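Each chain, letter by letter, is given below.
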Amino acid sequence: MSNAHVSVRDALYEAPGPKTRRRTAIGTGIALAAIAFLAVGVVRQFYITGQLDSKYWSIFTKSTTWKFLGQGIAGTLEVALTAGVITFGLGFLLMLGRISDSKVVRGIATALVEFTRGVPTLLFLYFFFLVVPQFGLTLPSFWKITLPVAISACGVVAEVFRSGVKAVPKGQREAALSIGMSKSHVFLKVVFPQAIRYVIPALLSELVIVVKDTTFAYVVTFPDLMQNAKVLISNYDALLSVYLVVAVIYILINYLLNRASDFAARRRNRTLMAAQQNGNKGV
Amino acid sequence: MEKQSKPNTPEQTPVIELRHVDKHYGQLHVLKDINLSVKKGEVVVIIGPSGSGKSTLCRTINRMETINSGEILIDGTAIPQEGKELARLRAQVGMVFQSFNLFAHKTILDNVTLGPTDVLHVPKKEAREEAIKLLKRVGVDTQAAKLPAQLSGGQQQRVAIARSLAMHPKAILFDEPTSALDPEMIGEVLDVMTELAKEGMTMVVVTHEMNFARRVADRVIFMDGGAIIEENTPEEFFTHPNTQRAQDFLNSIKNH
């Protein structure tokens, strides 16, 4: 537990010496200068082309603009969370298929995982948007965006789950079997709860991808953040300013998700990793 | 040294019985025609060089390892091959592992109560009360709320023993229970095991602890190359073994 505060960098590389420190300082200086130069250049270009005009930015002083964007954020979160829940459910089922004792089940699950991982989200979306209605089933636009996003992520989620299950030491399973637990209880009460802890960071990263995929909502005109941004753009004729603000909002949402992931990873480190250091490695 | 004489009536069904057990890993013949019978209350210690098959033998008894031929009976019942029947039988035979294998995500208390509540359907409150008693018995009751990772190896292994005891097993298998421990923690685990033996628990112990074998075993089984080479009382075995291979083994471990 002593190395709970040691960063990955510290663990992987030896401490830099005086020469390396000097080289790092010079490199940092050059990089900062380059970034500053670029930033100035960008702002200058904006100024020259008139993008900094107050007419493009004054819309953000109106509460109606923010209310509208807020509705968009709510739509995005609604789709992302629902798609997240569905994709975790589907991913769990696919993972069970992948580790099944039956060859046939395993084969079907593998095919589904490859299919959902390989097909782009937009194709799934077109399927629900253009093909499904031809069979007389018209879904509300919320589901037309949520289902494809969920389906396109579930294969990856299944594989993430599976890698977690494989990371649980064999001894955990044996110990549970040895006290007479049934196979299904061993999995649900001992193996999977630990597997989840191993893969929380990877799952949250997948959730970031789900959030980004929700931007396809404009295709089915579901009012998410992206769709509402487009409405603002056409109403106020303000392209760059709106996109910049919306990008910042997306970054904030995903930054929060990543922070949650770091937090979860640290918690896991405190429990499971320590368990392994103490020799609980389950041969 | 002085153990109460164990019930020794010949017509009594052995708690564990292996008949002509064979196991192969591909070309490798890891268990060769093993015959072994363990009576109620008996402590059988299996020793032998590494790779002799002693751990594998121990693990076949609750079917952690499958066998290719022969029979294994627990209290006169052949071990079922799978499913609920196998689980029911495993619940009757405790197992203590070299690497403890405490459930890493559960507290010490929950480690002990999981079996009784999940398998035996004991009410939660009752299971907790008994778990605390068992933890007291192995001397780790003050750690009940902690996670396994927060305990020393010796403490973890004692919890593992308590976890086995919570199932009221007919016998407990110990698969090198002290091999992963730091030297200063071996004693505390062996003490708990010695206590169990005195109380009449039926035990099969795979170990390298010769002093423990000498003190606690009713019978010593010496294995080499997948076969039982010698079966003897501890006094006989450690002073003048019947076989040359056992003699060589004892010499090799005495020489350091």
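Now for a quick tour of the structure. (Residues numbered from 1 in each chain as written. Chains lettered and ligands numbered in written order. Predicted model: local features only at pLDDT ≥ 70, side-chain atom pairs only at ≥ 80, totals over all residues. Heavy atoms only, no water.)

## Focus: the overall build of chain A
Helix and strand counts for chain A stand at 11 helices and zero strands. The N-to-C order of helical and strand elements in chain A reads α-α-α-α-α-α-α-α-α-α-α. For 283 residues, the compact-globule formula gives about 19 Å, and the C-alpha radius of gyration of chain A, at 24 Å, lies well above that figure. Considered along the principal axes of its C-alpha atoms, chain A spans approximately 75 × 70 × 30 Å. Looking at the 283 residues of chain A, the share that counts as buried comes to 40%. Put simply, of all contacts in chain A between residues at least 6 apart along the chain, 77% involve residues at least 24 apart. For chain A, the accessible area works out to roughly 16100 Å², and carbon and sulfur atoms hold 67% of it. (Helix = DSSP H or I, 4+ residues; strand = E, 2+ residues; numbered from the N terminus. Rg over C-alpha atoms; globule rule 2.2 N^0.38 Å. Buried < 20%, exposed > 50% of the residue type's maximum accessible area, 1.4 Å probe, protein only. Contact = heavy atoms within 4.5 Å. Areas by Shrake-Rupley, 256 points an atom, 1.4 Å probe, with all protein chains shown as cover.)

## Let's talk about the sheet that holds strand 2 (residues 28-38) of chain B
Residue and element names in this part refer to chain B. Taken in spatial order, the four strands of this open sheet run 2-1-4-5, and their pairing is antiparallel. At either end of the open sheet lies a strand with only one pairing partner, and these are strand 2 and strand 5 (77-78). In terms of strand pairing, strand 4 (residues 69-74) meets strand 5 through two bridges, oriented antiparallel. Note that in strand 5 the partner of Leu73 across the bridge is Ala78. (Pairing = 2+ DSSP bridges.)

## Section: the interface of chain A and chain B
Listed by partner, the interface residues are 26 residues for chain A and 27 residues for chain B. For the pair chain A and chain B, the two sides together bury roughly 2200 Å², of which 59% comes from carbon and sulfur. Counting across the chain A and chain B interface gives two salt bridges. Close ionic contact of Arg59 of chain B with Glu174 of chain A constitutes a salt bridge, the shortest N to O distance being 2.7 Å. (Buried area = accessible area lost by both parts, 1.4 Å probe. Salt bridge = Lys/Arg side-chain N within 4 Å of Asp/Glu carboxyl O.)

## Overview of helix 4 (residues 124-137) of chain B
Residue and element names in this part refer to chain B. Taking 1.5 Å as the rise per residue, helix 4 with 14 residues should run 20 Å; its terminal C-alpha atoms sit 20 Å apart, in good agreement. Every buried residue of helix 4 is listed here: Ala127, Ala131, Leu134 and Leu135. Down the axis of helix 4, the buried side of the element spans an arc of 100 degrees, and every buried residue falls inside it. Of the exposed residues in helix 4, the ones pointing more than 90 degrees away from its buried face are Lys125, Lys133 and Lys136. Residues of helix 4 that are buried sit in contact with helix 3 (108-118) and helix 5 (153-165). (Expected span 1.5 Å × (residues − 1). Arc of directions from axis to C-beta.)

## Brief notes about the packing of helix 4 of chain B against helix 5 of chain B
Geometrically, a packed helix pair is captured by the angle between its two axes and the distance between the axes. Residue and element names in this part refer to chain B. At a minimum axis separation of 9 Å, helix 4 and helix 5 run at an interaxial angle of 135 degrees. One element, helix 4, and the other, helix 5, form an angle in the oblique class. The chirality of how helix 4 crosses helix 5 is right-handed. Residues Leu134, Leu135 and Arg137 of helix 4 form the contact with helix 5, whose own contacting residues are Val159, Ala162 and Leu165. Taken together, the residues that form the contact of helix 4 with helix 5 break down as five nonpolar, no polar and one charged. (Axes fitted to C-alpha atoms, helices over the stretch in contact; angles between N-to-C directions. Parallel < 35°, antiparallel > 145°, perpendicular 65-115°, else oblique. Left-handed = near helix turned anticlockwise from the far one by under 90°. Nonpolar A, V, L, I, M, F, W, Y, C, P; charged D, E, K, R; others polar.)

## Details of the environment of His208 of chain B
Residue and element names in this part refer to chain B. Position of His208 among the secondary structure elements: in the loop between strand 8 (202-206) and helix 7 (210-216). Put simply, His208 and Leu173 are 35 residues apart on the chain and 15 Å apart in space, counted from C-alpha to C-alpha. Look past the residues within four positions of His208 in its chain and what remains in contact with it is Gly48, Lys54, Glu176 and Ser179.

## Regarding the side chain of Thr121 of chain A
All names here are of chain A. Within the secondary structure, Thr121 is located in helix 6 (residues 121-131). Exposure remark for Thr121: the relative accessible area of 9% places this residue in the buried category. Apart from residues no more than four positions distant in its own chain, Thr121 is found in contact with Pro148, Val149, Ser152, Asp213 and Phe216.

## Re the nonpolar core
In terms of nonpolar packing, the biggest core is built from 58 residues, with Met95, Phe161, Met181 and Phe192 of chain A together with Ile16, Leu18 and Leu173 of chain B touching the most fellow members. When residues no more than four places from it in sequence are discounted, the contact partners of Phe192 of chain A are Phe92, Met95, Phe161, Val165 and Phe187 of chain A. One finds Val45, Val189, Phe212 and Val216 of chain B within the second-largest nonpolar core, a separate group that totals 48 residues. (Core = buried A, V, L, I, M, F, W, Y, C linked by side-chain atoms within 4.5 Å.)

## A short note on the pairing of strand 1 (residues 16-25) of chain B
Residue and element names in this part refer to chain B. As judged from the seven bridges shared by strand 1 and strand 2, these two strands associate in the antiparallel manner. Within strand 2, the position partnered with His24 by the bridge is His29. Strand direction decides the pairing type here: strand 1 and strand 4, joined by five bridges, are antiparallel. Across the sheet, the residue bridging to Leu18 is Ile72, located in strand 4.

## Topic: the sheet that holds strand 9 (residues 219-224) of chain B
Residues and elements named next belong to chain B. What the six strands build is an open sheet, ordered 6-7-8-3-9-10; its pairing is mixed. Strands with a single pairing partner mark the edges of an open sheet, and in this sheet they are strand 6 (93-96) and strand 10 (227-232). For this sheet, the mean inter-axis angle between neighbouring strands, taken without regard to orientation, is 20 degrees. In this structure, strand 7 (residues 171-175) lies alongside strand 8, joined through five bridges in parallel fashion. Considered in strand 8, the bridge of Asp175 is made with Val206.

## What about a nonpolar patch on the surface?
Taken together, the side chains of Leu123, Tyr126, Phe127, Leu130, Val131 and Phe135 of chain A define a hydrophobic patch exposed on the protein surface, amounting to about 600 Å² of accessible area. Structurally, the position occupied by Phe135 of chain A is in the loop between helix 6 and helix 7 (141-167). (Patch = residues over 30% accessible without salt bridge, like charges linked within 9 Å, V, L, I, M, F, W, Y side chains within 5 Å.)

## What to know about unusual backbone geometry
All names here are of chain A. Its identity is not glycine, yet Asp237 carries a phi of approximately 55 degrees, on the positive side. Position of Asp237 among the secondary structure elements: in the loop between helix 10 (225-236) and helix 11 (239-277). Classification of Asp237 as exposed rests on a relative accessible area of 58%.

## Re the side chain of Ser178 of chain A
Residue placement: Ser178 of chain A occurs in helix 8 (residues 170-178). Setting aside residues no more than four positions away along its own chain, Ser178 of chain A makes contact with Asn62, Met64, Arg90, Ala91, Val93, Met95 and Phe97 of chain B.

## Concerning the packing of aromatic side chains
Counting across every chain of the model gives 14 aromatic pairs over all chains. Between Phe115 of chain A and Phe124 of chain A the ring centres are 5.7 Å apart and the planes differ by 85 degrees, which places this aromatic pair in the edge-to-face class. Ring geometry for Phe222 of chain B versus Phe249 of chain B: centroids 5.3 Å apart, planes at 40 degrees, classification tilted. Residue Phe222 of chain B is located in strand 9, and its partner Phe249 of chain B is located in helix 9 (residues 244-254); the two are separated by 27 residues in the primary sequence. Take Phe249 of chain B: its relative accessible area is 11%, and that puts it in the buried class. (Phe/Tyr/Trp six-rings, centres within 6.5 Å; stacked < 30°, edge-to-face > 60°.)

That's the geometry; what it means functionally is another story.
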